[in-house]
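Summary of structural features
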Amino acid sequence: MPKQISVNIVNVVASVNLNQTLNLNAIVKAFPAVEYRPEQFPGIVFKLKKPKTANLIFGSGKMVCVGSKSEKQAKKAVMRVVQQLKDRGIIIKGKPTIQVVNIVASASLGEQIDIEKAAYILERTMYEPEQFPGLIYRMDNPKVVLLLYMNGKLVVTGAKTEAQVYEAVHKLRKNLIKEKLI
């Protein structure tokens, strides 16, 4: 019977374009609790409790939403920020363009991986155990980077959809079994 694979989405990063410029000082006046230190960072840090995210807002009308646990949650967070801006008199003309740019997930295959052997067999890997205990594996399809550890745990980064995360983990496991690496 195959081992149970557990996958946990840790962070979804979404890039947003409001297609207009914003007056950051007006936003700070409307929301005194936001963080804005232009001498240190050119954007506003607008935190939400639900969904728990940090949303970086720039004068160019661009935003970055980090910290959500799903694509749906990232979109919900962006729409909530936009609605709160509108509710406090900040004019948002159109609908934001939202694009997921990176999904980071952790997973466990539930069994040991022979990463020394994997470093030789799998293509596009990097393994320098004196510097980092994990094997870095660049998968072509889907285009993601996986960090593999001997204990069967791994990190997936660079996915653009949640489906890509699951596809990468299952494809990796299948390949590891085929090559007798787990």
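Conventions adopted
- Residues numbered from 1 in each chain as written.
- Predicted model: local features only at pLDDT ≥ 70, side-chain atom pairs only at ≥ 80, totals over all residues.
- Heavy atoms only, no water.
- Helix = DSSP H or I, 4+ residues; strand = E, 2+ residues; numbered from the N terminus.
- Phe/Tyr/Trp six-rings, centres within 6.5 Å; stacked < 30°, edge-to-face > 60°.
- Buried < 20%, exposed > 50% of the residue type's maximum accessible area, 1.4 Å probe, protein only.
- Pairing = 2+ DSSP bridges.
- Expected span 1.5 Å × (residues − 1).
- Arc of directions from axis to C-beta.

**Some details on unusual backbone geometry**
Of note, the amide linkage connecting Lys 50 to Pro 51 takes the cis form, showing an omega dihedral of -15 degrees. Relative to the helices and strands, Pro 51 is located in the loop between strand E2 (44-48) and strand E3 (53-57). For the bond from Asn 141 to Pro 142, the omega torsion is 0 degrees, close enough to zero to count as cis. For Pro 142, the position within the fold is in the loop between strand E7 (135-139) and strand E8 (144-148). Although it is not a glycine, Asn 19 sits at a positive phi angle of roughly 55 degrees. Residue placement: Asn 19 occurs in the loop between strand E1 (6-17) and helix H1 (24-30). The phi dihedral of Arg 124 falls on the positive side, at around 60 degrees, and the residue is not glycine.

**A few points about the packing of aromatic side chains**
Inspection of every chain in the model, using the stated rule, returns 3 aromatic pairs. With 5.0 Å between their ring centres and 65 degrees between their planes, Phe 31 and Phe 46 make a pair best called edge-to-face. Here Phe 46 lies in strand E2 and Phe 31 lies in the loop between H1 and E2, a separation of 15 residues in the sequence. Phe 46 shares its class with Phe 31; the two are buried.

**Concerning the sheet that holds E7**
What links the strands of a sheet is backbone hydrogen bonding, and the strands pair in either a parallel or an antiparallel sense. With respect to topology, 9 strands assemble into an open sheet ordered E2-E3-E4-E1-E5-E9-E8-E7-E6, the strand pairing being antiparallel. Each edge of the sheet is formed by a strand with only one pairing partner; in this case those strands are E2 and strand E6 (125-126).

**Points about helix H2 (residues 71-87)**
With 17 residues, H2 extends 24 Å between its outermost C-alpha atoms, agreeing within 8% with the 24 Å of an ideal straight helix rising 1.5 Å per residue. Residues Glu 71, Ala 74, Ala 77, Val 78, Val 81, Val 82 and Leu 85 constitute the buried set of H2. Each buried residue of H2 sits inside an arc of 130 degrees when the element is viewed along its axis, so together they form one side. More than 90 degrees from the buried face of H2, the exposed residues found are Lys 72 and Asp 87. One or two residues past the end of H2 sits Gly 89, with phi positive at roughly 90 degrees.

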